[in-house]
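# Structural overview for review
What follows is each chain in one-letter form.
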Amino acid sequence: MKMSKQEKKELKLKEKEAARQTQIENIINYNRVVAIELANRAKEKKPNPDAFICLQNVNKIYDNLVQAVFDFSLDVHKNEFIVLVGPSGCGKSTTLRMIAGLEEITAGNLFIDGKYANVLPPKNRDISMVFQSYALYPHMSVYNNMAFAMQIRPYDIPLVDANNAPVMGVDKNKLAELNAKLAEINKQIANVESYKYDGSTVSDVLSPLYQQKESLEKEIFTLNNNPTQLTELRKYNKEEIDEYVQEAAKILQIQDYLDRKPRELSGGQRQRVALGRAIVKKAKLFLMDEPLSNLDAKLRVSMRSEIKRIHKSIGATTIYVTHDQTEAMTMADRIVIMNKGYIQQIGAPQDIYNKPANVFVATFIGSPAMNVYDVTVEKGLIKFADDFSLKIDSKDEELIKAAIEKKIREITEFELGGLESERQKQILVNRETLILDMKNHKAKGKQIGLPDPLDNIVLTDDEEKICKDLFNKKLEELLAKKVKYQEMLANKSYQVKFGIRPENVFVSGASLEKDVKPSEEKDFKVTISELLGNEYYLHGDLGGKDFVLKASSSVTVKEGESAKIIFDKSKMHIFDAIDDKLIY
């Protein structure tokens, strides 16, 4: 139906207002994230002592106020191979670039080998990075591509004497850096102390500053009284460069290609050269951003095992980004699954595969994907859309009921405390703005006799309205969910999502493992049969959707024929149909 001019005008106004509201919410969110970061800077920063790389509540907001990463927290242990996986735009590459120092962290902490790294320039992070595009110099030989960084850039090289013994002493550059930080802290303390309220200083501001001062003084004392091996900033000589390049070439098995140009190499060989360029740096951390995506399928398979072998042979710590769940499952010690900027689940490949945290993880990991259906659980049955049903144990039905009751309690808690939570977030923004002004000596003169302003932060009417609007928007969504949950409890009929992987459904007569908990037999008509050599993928209709199961190649069911199938009840998954989270 054609829209009138008036209707078009009204639609444009609505779109414009929606865009304006989104922009306002983005500004509010940015201010709150920055306020949290400012408050965080005043606190003592401690990494997990067991972690080699530690990310604590890391957020990234771009200049256009779009947030790409939300509260990302991860501990990476030494020599671990971590894979960040997710669809395009999920924030995985942005996270990798923040670790590398190529993107600024908006809020949160990053530690590399126990050292606070938020403000460290990329060249000082001791990392090597491998890119999707290889990034090789076409006019240089393989040898020079690998050696180039060492030829042009000076490195901090440990000093030794004539007897090859370490040269010990105090690092004067580090000492000067710490003294400069101490001078800045002393300046901020002096600025804050110039503001007196009822005869007392603003202790909440001074306390963390004094803690930072004490920490710096201890670090300076330790540095002065504990000599370490000194380093010399210089370029590697030809002999050292040749030693490192030859060693890396041997690991990568590319000694015969060192005199060739990149154009004379295959895709896999070029990727090995890119890896070699990273290896010669002998960095603490390897970052790989979809390094295999430009290779054909067969070469990707061989390079997966090659990268894993290299990782183990050089004792590296690796963070690897990919959108390919097969790469994640075959290469990772642990997988971090991301979607829309949020971590969905962290765990070992087998744990994630067997117990996905939500529907997204369940359908993203695994090939073919998990079969997921909207179902109703009532009176001991899992009912699908087409009168197909499975029996469910009473204890499992009780688990669903308990999970729904818990979600109702969580919504009720938000009803009671959600508005105050929004107010506290805005108060934190105002508080950190005032503290920043005090530290920079921008607050108005001494205010003797007046109460401490940090104890008397109040919100303006506009700020109160913003808090109420944000609370009401969230509350409206949650109350709609609460009504649905309450209806389920009242009717003892639970609308959930049922999931099971193709290999956990069997054609009747197939040999079953001892730990399989078989369901009753069900009729299943095969519509498509896909032979993959040692197994079939059998497709059929279930609940109005395509259902897939794996069967041995010895199974003789043909397209158009019916078979009896059995579900492994111990491998069935039930998800909340409203928020998609795993119930059991």
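In this report, we go over the structure that sits alongside the text. The shown structure was predicted, so the numbers you read here are calculated from the model rather than taken from an experiment. (Residues numbered from 1 in each chain as written. Predicted model: local features only at pLDDT ≥ 70, side-chain atom pairs only at ≥ 80, totals over all residues. Heavy atoms only, no water.)

## Here we look at a positive patch on the surface
- Judged by side-chain charge, Lys-2, Lys-5, Lys-8 and Lys-12 come together as a positively charged surface patch.
- Mapped onto the fold, Lys-8 is located in helix 1 (residues 5-41). (Patch = residues over 30% accessible without salt bridge, like charges linked within 9 Å, V, L, I, M, F, W, Y side chains within 5 Å. Areas by Shrake-Rupley, 256 points an atom, 1.4 Å probe, with all protein chains shown as cover. Salt bridge = Lys/Arg side-chain N within 4 Å of Asp/Glu carboxyl O. Lys, Arg positive; Asp, Glu negative; His and termini not counted. Charge placed at Lys NZ, Arg CZ, Asp CG, Glu CD. Helix = DSSP H or I, 4+ residues; strand = E, 2+ residues; numbered from the N terminus.)

## A look at the packing of helix 1 against helix 13 (residues 461-491)
- Where helix 1 meets helix 13, the axes come as close as 12 Å, and the angle between the chain directions of the two elements is 105°. Judged by the angle between their axes, helix 1 and helix 13 are roughly perpendicular. Counting all contacts with helix 1, which are made through Glu-25, Ile-28 and Arg-32, the residues of helix 13 involved are Ile-466, Cys-467, Leu-470 and Lys-473. (Axes fitted to C-alpha atoms, helices over the stretch in contact; angles between N-to-C directions. Parallel < 35°, antiparallel > 145°, perpendicular 65-115°, else oblique. Contact = heavy atoms within 4.5 Å.)

## Remarks on the environment of Lys-482
- Mapping Lys-482 onto the fold places it in helix 13.
- Assessed through its relative accessible area of 12%, Lys-482 is described here as buried.
- Residues Lys-482 and Ile-408, 74 residues apart in the sequence, show an inter-C-alpha distance of 5.9 Å.
- Sequence-distant contacts of Lys-482, that is, excluding residues within four places in its chain, are made with Ile-408, Ile-411, Thr-412 and Glu-415.
- In terms of polar contacts, Lys-482 uses its side chain to reach the side chain of Glu-415, at 2.7 Å. (Buried < 20%, exposed > 50% of the residue type's maximum accessible area, 1.4 Å probe, protein only. Polar contact = N/O pair within 3.5 Å; in protein donor to acceptor, adjacent residues only side chain to side chain.)

## Concerning the sheet that holds strand 22 (residues 545-552)
- Pairing in this open sheet of five strands is antiparallel, and the strands run 19-23-20-21-22 from one edge to the other. A strand with exactly one partner marks an edge of an open sheet, and here the two such strands are strand 19 (505-507) and strand 22. Across the sheet, the mean angle from the axis of one strand to that of its neighbour is 50°, orientation sign disregarded.
- Here strand 19 runs beside strand 23 (residues 562-567); their pairing, made up of three bridges, is antiparallel. Paired with Val-507 across the strands is Ile-565, a residue of strand 23. (Pairing = 2+ DSSP bridges.)

## Section: the side chain of Asn-109
- Along the chain, the position of Asn-109 falls in strand 4 (residues 107-112).
- A polar contact of 2.8 Å, which involves the side chain of Asn-109, links it to the side chain of Asn-40.

## Comments concerning the environment of Ala-316
- If you trace the backbone, Ala-316 turns up in the loop between helix 8 (297-313) and strand 12 (317-322).
- What makes Ala-316 buried here is its relative accessible area of 4%.

## Observations concerning the environment of Glu-7
- Along the chain, Glu-7 turns up in helix 1.
- Residue classification places Glu-7 among the partly exposed residues on the basis of a relative accessible area of 39%.
- With 369 residues separating them in the primary sequence, Glu-7 and Thr-376 have C-alpha atoms 41 Å apart.
- Side-chain polar atoms of Glu-7 contact the backbone nitrogen of Ser-4, separated by 3.0 Å.

## Regarding helix 8
- Between its terminal C-alpha atoms helix 8 stretches 25 Å, which fits the 24 Å expected from 17 residues at 1.5 Å a residue.
- For helix 8, the complete set of buried residues consists of Met-303, Arg-304, Glu-306, Ile-307, Lys-308, Ile-310 and His-311.
- Looking at the packing, one finds that the buried side of helix 8 touches strand 3 (81-85), helix 6 (238-252), helix 7 (267-279), strand 11 (285-289), strand 12 and helix 9 (325-331).
- With a side-chain oxygen positioned 3.2 Å from the backbone nitrogen of Lys-298, the residue opening helix 8 is Asp-296. (Expected span 1.5 Å × (residues − 1).)

## Points about the nonpolar core
- Counting residues in hydrophobic clusters, the biggest one holds 50 residues, and the most contacted among them are Met-146, Met-150, Val-245, Ile-254, Leu-275, Ile-307 and Tyr-320.
- By residue number, the principal contributor to this core is helix 6, which donates seven residues.
- In terms of nonpolar packing, the next biggest core, distinct from the first, is built from 38 residues, Ile-408, Leu-549, Ile-574 and Tyr-584 among them. (Core = buried A, V, L, I, M, F, W, Y, C linked by side-chain atoms within 4.5 Å.)

## Some thoughts on the sheet that holds strand 16 (residues 381-383)
- Spatially, 17-16-15-18-24 is the arrangement adopted by the five strands of the open sheet, whose pairing is antiparallel. Both outer strands of the open sheet, strand 17 (389-391) and strand 24 (573-576), are each paired with one neighbouring strand and no more. Put simply, the sheet's adjacent strands are angled 40° from each other on average, direction ignored.
- As paired strands, strand 16 and strand 17 are joined by three bridges and run antiparallel to one another. When the sheet's bridge partners are listed, Leu-381 is paired in strand 17 with Lys-391.

## A few points about the packing of aromatic side chains
- This structure, assessed with the given rule, holds 15 aromatic pairs.
- An angle of 75° between the planes, with centres 5.3 Å apart, marks the rings of Phe-384 and Phe-498 as edge-to-face. With Phe-384 in the loop between strand 16 and strand 17 and Phe-498 in strand 18 (residues 494-500), this pair connects stretches of sequence that are 114 residues apart. Summarising the burial analysis for this pair, Phe-384 and Phe-498 share the class buried.
- Taking the ring centre of Phe-388 as reference, the NZ or CZ of Lys-522 above it sits at 5.7 Å.
- Over the face of the ring belonging to Tyr-373 we find Lys-545, whose NZ or CZ atom lies 4.8 Å from the ring centre. (Phe/Tyr/Trp six-rings, centres within 6.5 Å; stacked < 30°, edge-to-face > 60°. Lys NZ or Arg CZ within 6 Å of the ring centre and 35° of its normal.)

## Overview of unusual backbone geometry
- Cis geometry is found at the peptide bond from Ser-367 to Pro-368, where omega equals -5°.
- By the element assignment, Pro-368 lies in the loop between helix 11 (359-364) and strand 15 (371-378).
- Even without being a glycine, Lys-282 presents a positive backbone phi close to 50°.
- One can find Lys-282 in the loop between helix 7 and strand 11.
- Looking at Lys-282, the relative accessible area reads 43%, which means it is partly exposed.
- Even without being a glycine, Lys-492 presents a positive backbone phi close to 55°.
- Following the sequence through the fold, Lys-492 ends up in the loop between helix 13 and strand 18.

## Details of the pattern of salt bridges
- Counted by the stated rule, this structure contains 30 salt bridges.
- In this structure, Lys-60 and Glu-103 form a salt bridge, with 3.7 Å as the shortest nitrogen-oxygen distance. Note that Lys-60 is positioned in strand 1 (residues 53-61) and Glu-103 in the loop between helix 2 (92-100) and strand 4, a separation of 43 residues in sequence.
- On the accessibility criterion, Lys-60 (7% relative accessible area) is buried.
- Overall, the relative accessible area of 18% leaves Glu-103 in the buried class.
- Taking the shortest distance from any N to any O, the salt bridge between Glu-80 and Arg-334 comes out at 2.6 Å. Here Arg-334 lies in strand 13 (residues 334-339) and Glu-80 lies in the loop between strand 2 (67-76) and strand 3, a separation of 254 residues in the sequence. Exposure class is identical for Glu-80 and Arg-334. Each is buried.

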